[in-house]
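# Observations on the three-dimensional arrangement
Chain by chain, the residues run as shown.
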Number of protein chains: 2
Amino acid sequence: MTAAETPDETTAVLDGTPADAAVETIHREMTAFARRARASAGRMHPQLSLVSYTLLGHLEERDGRRATDLAAHYALDKSTVSRQVSALQRAGLIERRVDPEDHRVQVLHLTESGRHILGQVTESRRAAFRERLAGWPEEDLLRFAAYLERYNAWPGGAPDEERERSALRDTYR
Amino acid sequence: MTAAETPDETTAVLDGTPADAAVETIHREMTAFARRARASAGRMHPQLSLVSYTLLGHLEERDGRRATDLAAHYALDKSTVSRQVSALQRAGLIERRVDPEDHRVQVLHLTESGRHILGQVTESRRAAFRERLAGWPEEDLLRFAAYLERYNAWPGGAPDEERERSALRDTYR
DNA sequence: GTCGCTGGTTGCAGACTACAACTCAGCCGG
DNA sequence: CCGGCTGAGTTGTAGTCTGCAACCAGCGAC
């Protein structure tokens, strides 16, 4: 591990170090995954697109979010969210209720059907992931999960995550 | 770590275990990343799309690949690759040469210009990643990178990876 | 030479996205 | 109460990325 570098907190990663190579790898592999996920998501679950699935999943965890919240969380344009939400509603998977306190906002809720479908998709997707992660020692799984969370918790990605994730982040600091 | 589970190689991950939760998290975070990457890639480097960049990067590492190789590696349809390659060629970033041995295949090479642009993009992208990963202990970076590679190296995704990555994998094992 | 296979291209259609222009609802200063 | 401002969401438009299917062109076996 070439101890030539003395990593300090702000600039632990510099050119030429193994850490730098690792960063490169992380970047490359994450991107590769991104492409794949998209490509395969449709095939795996024709019923639910990748985005739809994610939004649905988000709502399962946090029922009663507003469209704007979702947009901010996922760094998506509000128009995109609007359309996705419309599609989900058309499919009967979510409901849009007008907030009685502020008639501008619409609060989103999963329907029974939505919860059901989501369960199915989650199950099959989880099976795939499980197969893929089978044979990994539990310790590695936990660490991998923690790394990913920590990585995604970076505030730069989505402004509102700062708020949302602060609790989570403490877990790993 | 609830030693109740005795992980054997094929079914280490089961319902209800911490490992299962970890799988869930991995799934969720990877997906979240996938969405984000796509969304932000365009903004970060208007010059190069996410896919273009990745293909270019691949060629930098392994010059002289064929379009089919790329398609297999990234689990993309050959038509997609064909179009991307065409675009890259139009932009003068790569060259397509006909393989003298087999006139069906076209071998892909980076041009000087391509190498140059790629360098710039890589640099700025790496800066972003570095910022994001700053403060991570080198040990964690290496492990994270290894996990990602290991994850992506799963043969189900791209049949030819098994072969291609075996060398790399050794690096991190 | 013909058949089948492989590498690649093209036509087509669909999903996801952003940007901009717009509506509608609440809010605030006067 | 009115006019202007802001925030939530929708719609029009356009661009990219994608896969599938049909296609063409070499290559190899027979």
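In this numbering scheme, every chain counts its residues from 1 along its sequence in written order. As a convention, the first chain written is A and the first ligand written is 1, with the rest following in written order. For a predicted model such as this one, the threshold for reporting local features is a pLDDT of at least 70, and the threshold for listing and counting side-chain atom pairs is 80 or more; totals across whole chains, interfaces and linings nevertheless cover every residue.

## Points about the overall build of chain A
We count a stretch as a helix when DSSP gives it H or I for four or more residues in a row; a strand needs E for two or more, and each element gets its number in order from the N terminus. Each helix and strand in chain A was counted, giving 7 helices and 3 strands. In chain A, the succession of helices and strands from N to C terminus is α-α-β-α-α-β-β-α-α-α. Burial is judged by counting the other C-beta atoms within 10 Å of a residue's own C-beta: 20 or more makes it buried, 12 or fewer makes it exposed, and any count in between marks it as partly exposed, with every C-beta position built from the backbone. When burial is assessed residue by residue, chain A has 32% of its 173 residues classed as buried. Partitioning the intrachain contacts of chain A with sequence separation of at least 6 by distance along the chain shows that 44% fall at a separation of at least 24. A pair of residues counts as a contact when their C-beta atoms, built from backbone coordinates, are separated by no more than 7 Å.

## Some thoughts on the protein's contact with DNA strand C
Any residue whose C-beta atom, as set from the backbone, lies within 6 Å of a molecule or strand is reported as near that molecule or strand. Around DNA strand C there are 27 residues in total, and S49, D77 and H103 of chain A together with S79 and S82 of chain B lie nearest to it. Counting only elements with at least two residues in the surface near DNA strand C, the list comes to α2 (50-61) and α4 (78-90) of chain A together with α1 (18-44), α3 (67-74) and α4 (78-90) of chain B. No other element matches α4 of chain B, which puts 6 residues into the surface near DNA strand C. When grouped by side-chain class, the residues that make up the surface near DNA strand C number 7 nonpolar, 11 polar and 9 charged. Amino acid classes used here: Ala, Val, Leu, Ile, Met, Phe, Trp, Tyr, Cys and Pro are nonpolar; Asp, Glu, Lys and Arg are charged; the rest, including Gly, are polar.

## A few points about helix α3 (residues 67-74) of chain A
Where α3 of chain A is concerned, the buried positions are A67, L70, A71, H73 and Y74 of chain A. Viewed end-on, α3 of chain A has its buried residues packed into an arc of 165°, placing them on one side of the element. Note that the arc is computed from the directions linking the helix axis to the C-beta atoms.

## Examining the protein's contact with DNA strand D
Near DNA strand D there are 29 residues, and of these T68, S79 and S82 of chain A together with S49 and D77 of chain B occur at the shortest range. Among the secondary structure elements, those contributing two or more residues to the surface near DNA strand D are α1 (18-44), α3 and α4 of chain A together with α2 (50-61) and α4 of chain B. For the surface near DNA strand D, the element with the highest residue contribution is α4 of chain A, accounting for 6 residues. Grouping the constituent residues of the surface near DNA strand D by class yields 7 nonpolar, 11 polar and 11 charged.

## Some words on α2 of chain A
The periodicity of an α-helix, 3.6 residues per turn, causes residues three or four positions apart to be oriented the same way. Expected helix span is given by 1.5 Å per residue-to-residue step, counting one fewer step than there are residues. With 12 residues, α2 of chain A ought to run about 16 Å at 1.5 Å a step, and its terminal C-alpha atoms sit 17 Å apart, in line with that. Taken as a whole, α2 of chain A has its buried residues at V51, S52, Y53, T54, L55, L56, G57 and L59 of chain A.

## Quick notes on the sheet that holds strand β3 (residues 106-110) of chain A
Residue and element names in this part refer to chain A. Paired strands, in this sense, are two strands between which DSSP finds at least two bridges. Strand order in this open sheet of 3 strands is β1-β3-β2, and the pairing throughout is antiparallel. Unpaired on one side and paired on the other, β1 (65-66) and β2 (94-98) mark the two borders of the sheet. Inspection of the sheet shows β1 paired to β3 by 2 bridges, in the antiparallel sense. Pairing of R66 across the sheet is with V107, part of β3.

## What to know about the pairing of β3 of chain A
Where β2 of chain A meets β3 of chain A, 5 bridges bridge the pair, whose relative direction is antiparallel. Residue pairing across strands places R96 of chain A opposite L108 of chain A, the latter belonging to β3 of chain A.

## Section: the packing of α2 of chain A against α4 of chain A
All names here are of chain A. Fitted lines through C-alpha atoms give the axes, limited to the stretch in contact for helices. The angle between two N-to-C directions lies from 0 to 180 degrees. Close contact between α2 and α4 brings their axes to 10 Å; oriented N to C, the two are set at 80°. Judged by the angle between their axes, α2 and α4 are roughly perpendicular. For the pair α2 and α4, the contacting residues are V51, S52, L55 and L56 in the first and Q84, A87 and L88 in the second. Considering only residue class, the contact of α2 with α4 consists of 5 nonpolar, 2 polar and no charged. The cut-offs work like this: below 35 degrees is roughly parallel, past 145 is roughly antiparallel, 65 to 115 is roughly perpendicular, and the gaps in between are oblique.

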